[in-house]
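Architecture and fold: a report
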Amino acid sequence: MALIKESDDLIIARKALVFQKAETEKLAAELRIANYARSLIEASLDPLVTISTKGKITDMNEAFVNSTGMTRKKLIGTHFFDYFTEPQKAREVYQEVFAQGSVADSPLTLRHKKGKLTDVLFNGSVYKDDKANVLGVVVVARDITDQKCNATKLNEAIVFAELATGIAEEAKRKAESATGIAEDAVKAKQQFLSNMSHEIRTPMNAIIGFTKVMLKTDLSAKQKEYLTAIKMSGDALIVLINDILDLAKVDAGKMIFEEIPFKMALSLSAMLHLFETKIREKNIVLVKEYDKKIPEVLVGDPVRLHQIILNLVSNAVKFTAEGTITVSVRLLNEDEKKATIEFAVKDTGIGIPENKTGDIFKNFQQASSGTSRLYGGTGLGLAIVKQLVESQGGNIHVTSKLDKGSTFSFTLSFQKTNAKAEMEAEIAELDAEIKDMKVLVVEDIALNQLLMKTLLDDFGFECDIAANGKIAVEKIHSKSYDIILMDLQMPEMNGFEATDYIRRIMHSEIPIIALTADVTTVDLEKCKVVGMNDYIAKPVDERLLYSKIIGLVKKPFPANAIAIEENTHNESKKLKCTDLDYLIHRTKSNPTLMMEMIALYLEQTPPLIKAMNKSFQSKDWNSLYSAVHKMIPSFAIMGISIDFENMAKKVQEYASTQKQGDGIHDLVQQLGNICTQACCELEEEFKRIKSANP
Ligand code: ADP
C-alpha cells in the first residue's frame, strides 16, 4: 500500500515535472519568437516606436534611436511628439490613430538632437490586450529622406529641364527667325542675281547677236576687225557674268544639278567643236581620246559637265602656244548602277609652279601676278570647276611641270540608265525637204525679237513675232506654224504657261523650243513637263538653232546619205574645218548638186592655193588679190569658219593697198593650210556621198 502511495506521489511528481518542462519549453519558444520579432524590429531601417495611451514612449528600435540621437533609456517614458519638428501636428496624428484605429502615410519630420532631420511617413495603429482594451499605438515612421531627396532632385531636374526646354525653344525661335532672315537675305540675293543676270545678259546677248549679224554683211576689213573685237569682248563679258553668278549660286548652296539622261560622247564632241577655230588659229593640235567602253547614255548634268570641261580646255588653249591638247575620257570602273569616269585635259603649255598648284583652285587666284596681264582671266574658272566637281561627289587634281605642260583630271560618277537621252544639245542631221518653214518667235524683248528675225530670215524661214504667250496662242489659232521658239520669262503669259496651254487646251503637237538666257538654272524638267521638245541657250548659236529646228520639224535625213558625225571611239584626230550644214541647206540636200559643188571646190582650190603662195612670194599683188578673191566665197559654202574668211579678206586688202603688212605672211600660210585640210576633208565627203547614192 505504502508502495502504491509512494508511486502515486511519484506519478504526481513526474507529471509536475512534465508540466514544468512543457511550460519551460513553451516559455523558451515564446522567448525565441520574441527575440525573433525583436531582431526583425531592430533590423528595420525605418524608425519604429510604441507609445502608451498617454503618448509616452514605451519601446523603440535602433532606427528610432539613431534618428533622435537619444539613448533608449532617455527615450522611454518621454512624449513621442517632442521628437518631431512639428510636435502639434504629430500630436494630432497620434490622436487620429486613437480615433480611427490607424493612420497611413502622414508626412512628418523627426529631429535628431543635433539638428539632423529625417523625413518620415507616419503609419500608426493601436494595439490591444486580450480583452480589446487599447494599450497604446505602434508607429512605423517610414524613412523617406532618400525618396524625398530624389524627389527634390527630380523636381529640380524637371524644373531645369523645363527651363532648358524654354531656353532651347527660345533659342530655336531665335534661330528660326535668324534662319528666316538669312533665308530671306539669300532669297533676296538670289532674286537680285537672277534679275541681274537677266538684265545684263539680255543686252549682252543682243550686242553679241547683232555683232554676229553685222559681221556677215559687207564690211571693210577695218570694220570687221572692230566688230570682231566687240564680239570677243562681249563673249568674254558673258563668260565673266556667268562665272560670277555661278560662284554666287555655289556659295549660296543653290547650285542645282540636273539628273537627266544624255549621251556623253555627243555632249563632249559638241563642246570641243567650240574650240575648232581657236585651235586652228594657234596652230595647235586637239586630240580626243574617248573610251568606247563608256555606256552611251548616262544620267547626270550635261550642262555642268560641259561647263567643267569647257573651263579646263579654255585654260589649256589659253596657256599653250604650241603642241597638243589631249582631252581623254576613260571608264574607271562600273557596276550595275553607275559608271565612274575619269576626264583629263592635258596640255603642252606654260605649266604651273609647284607651289601654286593648290592656290589656283581658290577664288580669284592666278599662278602669277603677270598672268592676268599676259593671258587675261579672273582666276574664277578653276574655283568654279572645283566646286562643280566636288558638289557632284567627284574630285579634281592637277599635275604640272613648268614650261612642259599641265594635266587637270577629275572623276565623276554617273548613274546608268536604259532611258533614251532627252533634250540634249544634239546636232540633228539635216533634212531633204525644207520648204516654207513658218516659225513663230515668242519673245517680249524687242532687241531679241529683231535678232531672232534676222537669224531666221537668214535661214530663209518665214517668221512671225508674238510679244508674249497670250499673243502667241491667238496667233496659233489663226495661222499654222511649223515650229515655235518660246522665250520663258514674259509678261501676261510666260513660256511655260503658253506651252501648257498649247499642249493641254489646244491639243497641239507643234514642236516648241525653249529660248533661255540662263541655261545654268533653266528648269529643264519644267520645260519637259509642260511639253517643250527642246531648249536652246542665248546667245543663240545659229548653227545649233538651225539644226534643232530642222531636226524637230522634219524627219531625219537617211543616215547613210551623209555622215558628217565624227567617229569618236578610241580614235584621236584633228577637228574638222569644214561643215556641210550650209551646203546641205542650200542644195536642199540634193546629193548630185552637193557632189558637183564639192567637185568644183576640189578642182579650183589647189591651183588657187598655189597661185596665192606664188604671187605672195613674188610680190605679185594683182595675182594675189585675184587668187584670194576667188577663194573667199567658198569658205561659207563649205562651212569653213568666218575667221578664215576674214583672214582672206585681210590678205586681199593688203594685196590691194600693201598697207599694214604685219602678219600677212602668217595669214597666207594659215589660209593655205586650212584650204589644204578642207580639200582632204571634202574629198572624203565626196566619196561618202557618192557611195551612199550610187
Ligand atoms: P583664269 O584662267 O581666269 O585666270 P582659272 O581659275 O581658270 O582663272 O585659272 C587660275 C590660274 O591657274 C590661271 O590664271 C593660271 O595661272 C593657272 N592655270 C590654269 N590652267 C592652266 C593651264 N592649263 N596651264 C597653265 N596654267 C594654268
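It should be noted that the structure appears before, not after, this text.
Quick look at the structure, then. (Residues numbered from 1 in each chain as written. Predicted model: local features only at pLDDT ≥ 70, side-chain atom pairs only at ≥ 80, totals over all residues. Heavy atoms only, no water.)

1. Description of the side chain of His112
Heads up, the rule is: Each helix is a run of DSSP H or I of at least 4 residues and each strand a run of E of at least 2, with the numbering of both proceeding from the N terminus. Whether a residue is buried, partly exposed or exposed follows from its accessible area with a 1.4 Å probe, protein chains only, as a fraction of its type maximum: under 20%, in between, or over 50%, in that order. Contacts: residue pairs with any heavy atoms within 4.5 Å of one another.
Along the chain, His112 turns up in the loop between strand 3 (102-111) and strand 4 (117-128). Taking relative accessible area as the criterion, His112 reaches 16% and is therefore assigned buried. If sequence neighbours within four positions are ignored, His112 has contacts with Asn66, Ser67, Thr68 and Gly69.

2. Concerning the pattern of salt bridges
Our working rule: Every case where a carboxyl oxygen of Asp or Glu lies within 4 Å of a side-chain nitrogen of Lys or Arg is listed as a salt bridge.
Per the counting criterion, the structure on display carries 22 salt bridges. One salt bridge in this structure joins Glu42 and Arg72, with 2.8 Å as the shortest N-O distance. In this pair, Glu42 is assigned in helix 1 (residues 2-43) and Arg72 in helix 3 (residues 72-75), connecting sequence segments 30 residues apart. Notably, a salt bridge pairs Lys338 with Asp335, separated by 4.0 Å at the nearest N-O pair. Taken together, the shared-partner salt bridges connect Arg38, Glu42, Asp59, Glu62 and Arg72 into one network.

3. Structural notes on the packing of helix 19 (residues 621-637) against helix 20 (residues 642-657)
Condition: Lines are fitted to the C-alpha atoms to define the axes, a helix being fitted only along its stretch in contact, and any angle between axes, read from their N-to-C directions, falls within 0 to 180 degrees. For classification purposes, an angle smaller than 35 degrees is called roughly parallel, one larger than 145 roughly antiparallel, one from 65 to 115 roughly perpendicular, and anything else oblique. The hand of a helix crossing depends on one turn: near helix anticlockwise from the far one by less than a right angle means left-handed, and clockwise means right-handed. The residue classification treats Ala, Val, Leu, Ile, Met, Phe, Trp, Tyr, Cys and Pro as nonpolar and Asp, Glu, Lys and Arg as charged. All others, Gly included, are polar.
It is the contact of helix 19 with helix 20, at a shortest axis distance of 9 Å, that shows an interaxial angle of 160°. Classed by the angle they form, the pair helix 19 and helix 20 counts as roughly antiparallel. The chirality of how helix 19 crosses helix 20 is left-handed. Taken together, the residues of helix 20 that come into contact with helix 19 (itself represented by Trp621, Leu624, Tyr625, Val628, His629, Ile632, Phe635 and Ala636) are Phe644, Glu645, Ala648, Lys649, Val651, Gln652, Tyr654, Ala655 and Ser656. Within the contact of helix 19 with helix 20, the residues separate by chemical class into 12 nonpolar, 3 polar and 2 charged.

4. What to know about the nonpolar core
Basically, it comes down to this: Residues grouped as a nonpolar core are buried Ala, Val, Leu, Ile, Met, Phe, Trp, Tyr and Cys residues, joined through side-chain atoms within 4.5 Å.
Counting 45 residues, the largest nonpolar core has Phe343 and Phe410 as its most contacted members. If you list the elements that add at least two residues to this core, you get helix 7 (264-273), strand 7 (285-290), helix 9 (302-318), strand 9 (324-334), strand 10 (338-346), helix 11 (381-391), strand 11 (395-401) and strand 12 (405-416). Per-element tally for this core: the top contributor is helix 9, with 7 residues. Those residues in contact with Phe410 that lie beyond four places of it in its chain are Leu305, Ile308, Ile309, Leu312, Ile341, Glu342, Phe343, Val389, Asn395 and Ile396. Grouped together as the second largest cluster of nonpolar side chains are 38 residues, Ile584, Trp621, Met631 and Leu671 included.

5. Thoughts on the sheet that holds strand 14 (residues 462-466)
We count it as follows: Here, a strand pair is defined by DSSP locating no fewer than two bridges between the strands.
Pairing is parallel in the open sheet, where 5 strands are placed in the order 14-13-15-16-17. Here the strands that pair on one side only, and so sit at the sheet edges, are strand 14 and strand 17 (534-537). Here the average twist between neighbouring strands, direction ignored, is 25°. As paired strands, strand 15 (residues 483-487) and strand 16 (residues 512-516) are joined by 4 bridges and run parallel to one another. Following the sheet pairing, Leu485 is matched in strand 16 by Ile513.

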